[in-house]
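Observations on the model geometry
Here are the chains, one letter per residue:
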Amino acid sequence: MFHLNSFEEIAGVAHGIEVLNPALVTRIRRAADGMGRHEIAARLADAITEAADAAHIRAFEEAQFGDASADAIVDCEYHEELAAAWSLVAAEHQLVSPDLLYSLDGSVH
């Protein structure tokens, strides 16, 4: 489950992903250049969903077996990085703003 305390935390994650994996961010930026706002938002939503699914699988394996498999760990880390990269690109395209984040009550429905 994702929990955001402040917009600065998002900026820190986005900055970190760019430093740790600039090739991924560059690839996402290049792909987004040919997309409209709705498609970028849809890609961000898909990336967040995939990251959540990967995190659930990792947590399940850790709960059931005491440790997650290497595949579950790598999938979780990759999807988290992908979601962070899409979040950075969405912010660059002004699809994510601090006002929007603060207005949410934490519900995804």
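Up top you'll find the structure we're talking about.
Because the structure is predicted, anything quoted here is derived from the model rather than measured. (Residues numbered from 1 in each chain as written. Predicted model: local features only at pLDDT ≥ 70, side-chain atom pairs only at ≥ 80, totals over all residues. Heavy atoms only, no water.)

1. Digging into the pattern of salt bridges
In the structure shown here, the tally under the stated rule is three salt bridges. Between E92 and R29 there is a salt bridge, and its shortest N-O distance comes to 2.6 Å. Taken together, the positions of E92 in helix 4 (residues 70–92) and R29 in helix 2 (residues 22–33) put the pair 63 residues apart, joining distant regions of the chain. Note that E62 and R58 form a salt bridge whose closest N and O atoms lie 3.3 Å from each other. With E62 and R58 both in helix 3 (residues 37–65) and four residues apart, this pair spans about one turn of that helix. When its relative accessible area of 34% is taken as the criterion, E62 is described as partly exposed. Relative accessible area serves as the criterion here: at 23%, R58 is assigned to the partly exposed category. (Salt bridge = Lys/Arg side-chain N within 4 Å of Asp/Glu carboxyl O. Helix = DSSP H or I, 4+ residues; strand = E, 2+ residues; numbered from the N terminus. Buried < 20%, exposed > 50% of the residue type's maximum accessible area, 1.4 Å probe, protein only.)

2. Focus: the packing of helix 3 against helix 4
Helix 4 packs onto helix 3 with a crossing angle of 155° between their chain directions and a minimal axis gap of 8 Å. By the angle between their axes, helix 3 is roughly antiparallel relative to helix 4. Crossing of helix 3 over helix 4 shows left-handed handedness. In this structure, helix 3 uses I40, R43, L44, A47, I48, E50, A51, A54, A55, I57, R58 and E61 to contact helix 4, whose residues at the interface are A72, I73, D75, C76, E77, H79, E80, L82, A83, W86, S87 and A90. Classifying every residue of the contact of helix 3 with helix 4 gives 15 nonpolar, two polar and seven charged. (Axes fitted to C-alpha atoms, helices over the stretch in contact; angles between N-to-C directions. Parallel < 35°, antiparallel > 145°, perpendicular 65-115°, else oblique. Left-handed = near helix turned anticlockwise from the far one by under 90°. Contact = heavy atoms within 4.5 Å. Nonpolar A, V, L, I, M, F, W, Y, C, P; charged D, E, K, R; others polar.)

3. Focus: the side chain of E61
Topologically, E61 is positioned in helix 3. In this structure E61 is buried but unpaired, with R58 as the nearest side chain of opposite charge at 8.0 Å. Look past the residues within four positions of E61 in its chain and what remains in contact with it is G66, D67, A68, S69 and A72. (Lys, Arg positive; Asp, Glu negative; His and termini not counted.)

4. Overview of unusual backbone geometry
Among all residues except glycine, the phi angle is most often negative; among peptide bonds, the trans geometry is most common. The phi torsion at Q94 lies on the positive side, around 60°, for a residue other than glycine. With respect to the element layout, Q94 can be found in the loop between helix 4 and helix 5 (98–103). You can call Q94 exposed: its relative accessible area is 66%.

5. Brief notes about helix 4
Three- or four-residue spacings in an α-helix give side chains the same orientation, since the helix completes a turn every 3.6 residues. For helix 4, which comprises 23 residues, the first-to-last C-alpha distance of 33 Å matches the rise-based estimate of 33 Å (1.5 Å per residue) to within 8%. Regarding helix 4, the residues found buried are A72, C76, H79, L82, A83, A84, A85, W86, L88, V89 and A90. Q94 occupies a position one or two residues after helix 4 and carries a positive phi of about 60°. (Expected span 1.5 Å × (residues − 1).)

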